[in-house]
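# Topology and contacts: notes
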Amino acid sequence: MLREKAMIMDQKSMERGITRISHEILEKNKGATDIVIIGIHRRGIPLAKKIAQKIFEIENIQVSVGGIDITNYRDDIKEKNIKNIENDISKLDISEKKVVLVDDVLYTGRTVRAAMDALIDMGRPKAIQLAVLIDRGHRELPIRADYVGKNLPTSKDEIVKVYLEEMDEKTGVFILEEE
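Rules used in this analysis
Residues numbered from 1 in each chain as written. Predicted model: local features only at pLDDT ≥ 70, side-chain atom pairs only at ≥ 80, totals over all residues. Heavy atoms only, no water. Helix = DSSP H or I, 4+ residues; strand = E, 2+ residues; numbered from the N terminus. Buried < 20%, exposed > 50% of the residue type's maximum accessible area, 1.4 Å probe, protein only. Polar contact = N/O pair within 3.5 Å; in protein donor to acceptor, adjacent residues only side chain to side chain. Contact = heavy atoms within 4.5 Å. UniProt positions renumbered as here; feature names shortened; annotations may be inferred. Core = buried A, V, L, I, M, F, W, Y, C linked by side-chain atoms within 4.5 Å. Axes fitted to C-alpha atoms, helices over the stretch in contact; angles between N-to-C directions. Left-handed = near helix turned anticlockwise from the far one by under 90°. Nonpolar A, V, L, I, M, F, W, Y, C, P; charged D, E, K, R; others polar. Pairing = 2+ DSSP bridges. Phe/Tyr/Trp six-rings, centres within 6.5 Å; stacked < 30°, edge-to-face > 60°. Lys NZ or Arg CZ within 6 Å of the ring centre and 35° of its normal. Salt bridge = Lys/Arg side-chain N within 4 Å of Asp/Glu carboxyl O.

Relative to the helices and strands, Thr 108 is located in the loop between strand S4 (98–106) and helix H3 (110–122). The exposure class of Thr 108 is buried, given its relative accessible area of 15%. Here the side chain of Thr 108 touches Arg 110 through a polar contact of 3.3 Å, landing on its backbone nitrogen. Setting aside residues no more than four positions away along its own chain, Thr 108 makes contact with His 138, Arg 139, Glu 140 and Leu 141.

This is the structure in structure tokens:
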């Protein structure tokens, strides 16, 4: 059984992180032109929508936003059934666009690698950038985030959990531990 050991971010600090990430995306890309924001299933999708909404509030430009399920691209699944992939980005044209991948926690980098493989199968983006709410370290692949809400050094034994109101009926980032 897991229990909450420590709260790392409350709702207000998460909102500040999302606002900072949104401003950094706009600054790096010199505005919102040709940007597509793609959230990685599960919690990356509502975070991507929050970033797109914040960009709209800042620039009054509606950027395309979608979600991607990378289950069949993971390297820890033996049997893959590509036909069953459900991605709502199939309607989006990502060719020659700047794609901002969004995830809740960056850990080993394997989820991001799988997401990049899935994106490449759907088109040829001009660039792929990565935005994460939490970067906890312990990379196994040479992947780093372009935009980070909070760097959180952790031990490999700790679990970082992001709760979002849309999915969990509460909002916050916690470190969990075994009871």
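With that settled, the discussion passes to the UniProt feature "short sequence motif: PRPP-binding" (unreviewed entry) in the chain. Mapped onto the present numbering, the UniProt feature "short sequence motif: PRPP-binding" (unreviewed entry) falls at residues 99–111. In this annotation, residues 99–111 is assigned 15% helix and 62% strand; the end-to-end C-alpha distance for the span is 16 Å.

Counting 28 residues, the largest nonpolar core has Ile 37 and Ile 134 as the members making the most contacts within it. Sorting the residues of this core by element identifies helix H1 (11–28), strand S2 (35–40), helix H2 (44–59), S4, strand S5 (127–135), strand S7 (159–163) and strand S8 (172–178) as the ones contributing at least two each. When residues no more than four places from it in sequence are discounted, the contact partners of Ile 37 are Ala 48, Ile 51, Ala 52, Ile 55, Val 63, Ser 64, Val 65, Gly 66, Val 100 and Val 102. Membership of the second largest hydrophobic core comes to 20 residues, among which are Ile 38, Val 112, Leu 130 and Ile 143.

The next subject is the packing of H1 against H2. The relative placement of two packed helices comes down to the angle between their axes together with the axis-to-axis distance. Interhelical geometry of H1 versus H2 gives an angle of 65 degrees and a closest axis separation of 9 Å. Read as a crossing pair, H1 and H2 show a hand that is right-handed. Of the residues in H2, those in contact with Ile 18, Thr 19, Ile 21, Ser 22, His 23, Ile 25 and Leu 26 of H1 are Leu 47, Lys 50, Ile 51, Lys 54, Ile 55, Ile 58 and Glu 59. Across the contact of H1 with H2, the residue classes tally to eight nonpolar, three polar and three charged.

This part covers the sheet that holds S7. In space, the three strands of this open sheet follow the order S1-S8-S7, with antiparallel pairing throughout. With one partner strand each, in any of the chains shown, strand S1 (2–9) and S7 form the two edges of the open sheet. Taken over all neighbouring pairs, the strand axes of this sheet differ in orientation by 35 degrees on average, direction set aside. Where S7 lies against S8, five bridges are found, and the strand directions are antiparallel. Bridge pairing in S8 links Lys 161 to Phe 174. Contacting S1, S7 and S8, H1 crosses the sheet at an angle of about 55 degrees to S1.

For the rest of this paragraph, the subject is the packing of aromatic side chains. What the rule picks out here adds up to one aromatic pair. Between the aromatic rings of Tyr 163 and Phe 174, the centroid separation amounts to 5.5 Å while the plane-to-plane angle is 70 degrees, which identifies the pairing as edge-to-face. Remark: Phe 174 occurs in strand S8 and Tyr 163 occurs in strand S7; sequence separation between them is 11 residues. The residues Tyr 163 and Phe 174 share a single accessibility class, namely buried. The lysine or arginine in question, Arg 136, covers the ring of Tyr 107, its NZ or CZ lying 4.0 Å from the ring centre. Lying over the aromatic face of Tyr 163, Lys 170 brings its terminal NZ or CZ to 4.3 Å of the ring centre.

Time to look at the pattern of salt bridges. Enumeration over the complete set of coordinates arrives at 13 salt bridges. Among the ionic pairs, Arg 124 bridges to Glu 96, the shortest N-O distance being 4.0 Å. Of the two residues, Arg 124 sits in the loop between H3 and S5 while Glu 96 sits in the loop between strand S3 (64–68) and S4, which places them 28 residues apart along the sequence. The class of Glu 96 is partly exposed, set by a relative accessible area of 45%. A salt bridge links Asp 135 to Arg 139; the nearest nitrogen and oxygen atoms lie 2.8 Å apart. Under the relative-accessibility criterion, Asp 135 is labelled buried at 11%.

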